[in-house]
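These are the residues of each chain, in order.
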Amino acid sequence: MNNAGLFKNNIKKILQKPLFGSEYILNGWAKQVRKQKTNLFFQLSDGSNLHGLSCLTKPTNQITNGCSMLVKGNLQSHPTLGTPELLVNEFSILGNSDETYPIQKRRMTIDELRNSLVHFKPRTSIGLAYTKLNHHLTKSIHDAFAKLDFTQIYTPLITSMDCEGAGETFSLGSQLNCNANLTVSGQLHLEIFANCMAKVYTFGSTFRAEKSHTNRHLAEFRMVEGEMAFLDDVGELMDYIEFIVRESVNDVFGKCSDELKVLHEFNRAESGLDHLMKNFHRISYKEAIKILQKEYRDIEFGSDLSREHELYLTNVHFNHSPVFVYNYPKSLKPFYMRQVDDDSSLVSCCDLLVPHVGEIVGGSLREERYSNLLANIHEKGMDPKKLDWYLDLRKYGTTRHGGFGLGYERLLQWISASQNIKDCVFFPRSNGHCPI
Ligand code: 4AD
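Note that the structure is predicted; figures quoted are calculated from it, not measured.

Student: Describe the overall build of the protein, listing the residues and the values that go with them.
Tutor: Looking only at helices and strands, the protein has 12 helices and 17 strands in total. Here the C-alpha coordinates of the protein stretch approximately 80 × 55 × 40 Å along the principal axes. In the protein, which comprises 436 residues, the share counted as buried stands at 51%. Here the contacts in the protein between residues at least 6 apart in sequence split such that 66% fall between residues at least 24 apart. As presented, the protein carries roughly 20700 Å² of accessible surface, and 51% of it is formed by carbon and sulfur atoms.

Shown next as structure tokens:
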């Protein structure tokens, strides 16, 4: 029997157009092996779809959970269900797997999947569902930007900038013999392009030396960052963010309904998908504080919103709907944010909060006025010489521009209803955690 050749055929393609009676030769791995008196049943998985292909053959001890194999058989319809199944009449085992194989019938704990069994996680239906969802969501995001004619830009992972100024950078200075660190955001580099191409985005890895152990922070994560010139106001910025989130999530609902069903069951989501895409509300920071003061004593103008506050707004006050909070106090935000025209204590910015996770997007108008920006740099005790190139963008053809950063894993966490962001990535890195 010759190799099947994944180039020519795979299980997904066969199931899209099942030709009953036809003979197929397929490569894959055996899962859910069940031996009965007259038949042995198993799922053959080649990674092209979520559940694999149902197969049956004569009872044998050779086919075991996890073995890799080549099978030849005829496609038939299940006698009662009518679903496609392969009647295997010839097979060869390519790689054995014995009874010590850890992925057996019992449900593995999240802890095992995150630590000792992380290298087997993609072989589980949960791991496969996360992988497929991840694949489609990435594509949906690129497609959403394409609908608005954005150009993708590659921004560097090694930089001398600390965009957010929060001191969370991983330093590389001693290795590179210069001021260098891993990027915390591609925003500043992206602004170079926005100021001559109008609509640009970047989608790449970012790094933060987070000390906190929370269920929504990683040390290595991906950020989707959009940057647009000629914006009217923060309302227009929120329109862009809402478009990108809605388009990509709706697209993935259509393409990954099986994966989302599996993940929502596993993560014990309280409701289906329909609640995800409710109206996006918009309230100012000042309004948010008023709402929160009815519930929390210790909050006042100038306080940052904690995760508990964010979840109160989305889950309780807005009944499980996403909400934008805009125009925060200047004192809470980085140097680059644009001061609100009629209130110098505020900056034109917004965070998008979603049920169950909290903040998934942070964005702002950028201070495009040279003298204001220079004043901000001095106020924050930064060195203007290191930012002369950034100031230059305000000297020549400056525009009122702005942009946002969408935490990709937090978006995944939201739509998959995962309790912990670490479950949405295969190799989560955080303080004290880097198993392989
Ligand atoms: O709000 P942040 O810090 O914004 C920026 O970095 C801007 N420079 C982005 C921009 O305007 N281009 O981060 C943006 C988003 C957050 O809303 C959150 O979703 C995610 O990045 N994020 C993290 N996700 C996982 N782990 C962490 N440690 C994260 N820190 C931020």
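From this point, the discussion proceeds with the structure in view.
Student: Give a description of the layout of surface pockets that names residues and reports values.
Tutor: Quantified by volume, the second largest pocket comes out at close to 680 Å³. Lining the second largest pocket are 27 residues, and of these Gln 32, Ile 103, Gln 104, Thr 124 and Ser 125 lie nearest its centre. For the lining of the second largest pocket, the elements supplying multiple residues, two or more each, are strand E1 (23-35), strand E2 (40-45), helix H3 (125-147) and helix H7 (257-266).

Student: Describe the pairing of E1, with residues and values.
Tutor: Bridge count for E1 against strand E4 (residues 68-77) is seven bridges, and the pairing is antiparallel. For Glu 23, the partnering residue across the bridge sits in E4 and is Asn 74. Joining the antiparallel neighbours E1 and E2 is a turn of four residues.

Student: Which residues make up empty space enclosed by the protein, and what values go with them?
Tutor: Within this structure, the stated rule accounts for one cavity of 30 Å³ or more. In this structure, the largest cavity encloses a volume near 40 Å³. Around the largest cavity, the lining residues are Lys 330, Lys 333, Pro 334, Phe 335, Met 337, Val 347, Asn 376, Glu 379 and Lys 380. Taken together, the residues of the lining of the largest cavity sort by class into four nonpolar, one polar and four charged.

Student: How would you explain the sheet that holds strand E9 (residues 199-207) if you had to name every residue and give the values?
Tutor: For sheets, the rule is that strands pair by backbone hydrogen bonds, running either parallel or antiparallel. Taken in spatial order, the eight strands line up as E6-E9-E10-E17-E16-E15-E12-E11 in an open sheet, and their pairing is mixed. At either margin of the open sheet sits one strand with a lone partner, and together these are strand E6 (151-152) and strand E11 (281-284). Across six bridges, strand E10 (residues 220-228) lies against strand E17 (residues 402-407) in antiparallel orientation. For Glu 225, the partnering residue across the bridge sits in E17 and is Gly 405.

Student: Please give an account of the sheet that holds strand E3 (residues 53-57) that cites residues and values.
Tutor: With respect to topology, five strands assemble into a closed barrel ordered E1-E2-E3-E5-E4, the strand pairing being mixed. Between one strand and the next, the sheet's axes are offset by a mean angle of 55°, whatever the strand orientation. Examined bridge by bridge, E4 and strand E5 (residues 84-95) share 10 bridges and lie antiparallel to one another. For Met 69, the partnering residue across the bridge sits in E5 and is Ile 93.

Student: Explain the nonpolar core to me, using residue names and the numbers behind them.
Tutor: The biggest cluster of nonpolar side chains holds 51 residues, and the ones touching the most others in it are Ile 241, Leu 352, Ile 360, Phe 404 and Trp 414. When neighbours within four sequence positions are excluded, Ile 360 is seen to be in contact with Leu 352, Val 354, Gly 405, Leu 406, Gly 407, Arg 410, Leu 411 and Trp 414. In this structure, Tyr 296, Met 337, Leu 387 and Leu 393 belong to the second largest nonpolar core, which totals 31 residues.

Student: Quick one: what's the story with the packing of H3 against helix H12 (residues 408-416), residue by residue and with numbers?
Tutor: Packing of H3 against H12 brings their axes to within 11 Å, and their N-to-C directions diverge by 120°. Between H3 and H12, the angle falls in the class oblique. Two packed elements cross with a definite hand, and for H3 against H12 that hand is right-handed. Contact residues: H3 offers Tyr 130, Leu 133, Asn 134, Leu 137, Thr 138 and Ile 141, while H12 offers Tyr 408, Leu 411, Leu 412, Ile 415 and Ser 416.

Student: Summarise the pattern of salt bridges; cite the residues concerned and give the values.
Tutor: With the rule as written, the count across this model stands at 23 salt bridges. The salt bridge involving Asp 143 is made with Lys 139; its shortest N-O contact spans 3.2 Å. One end of the pair, Asp 143, and the other, Lys 139, are both in helix H3, four residues apart, so they sit about a helical turn from each other. Under the relative-accessibility criterion, Asp 143 is labelled partly exposed at 30%. Measuring nitrogen to oxygen at the nearest pair gives 3.7 Å for the salt bridge that ties Lys 395 to Asp 392.

Each value, and the rule that gives it
Residues numbered from 1 in each chain as written. Predicted model: local features only at pLDDT ≥ 70, side-chain atom pairs only at ≥ 80, totals over all residues. Heavy atoms only, no water. Helix = DSSP H or I, 4+ residues; strand = E, 2+ residues; numbered from the N terminus. Buried < 20%, exposed > 50% of the residue type's maximum accessible area, 1.4 Å probe, protein only. Contact = heavy atoms within 4.5 Å. Areas by Shrake-Rupley, 256 points an atom, 1.4 Å probe, with all protein chains shown as cover. 1 Å grid on protein atoms, 1.4 Å probe; cavity = no way out; pocket = protein on both sides within 12 Å on 5 of 7 lines; lining within 4 Å. Points joined across faces, edges and corners; volume = space filled by probe spheres on them. Pairing = 2+ DSSP bridges. Nonpolar A, V, L, I, M, F, W, Y, C, P; charged D, E, K, R; others polar. Axes fitted to C-alpha atoms, helices over the stretch in contact; angles between N-to-C directions. Core = buried A, V, L, I, M, F, W, Y, C linked by side-chain atoms within 4.5 Å. Parallel < 35°, antiparallel > 145°, perpendicular 65-115°, else oblique. Left-handed = near helix turned anticlockwise from the far one by under 90°. Salt bridge = Lys/Arg side-chain N within 4 Å of Asp/Glu carboxyl O.

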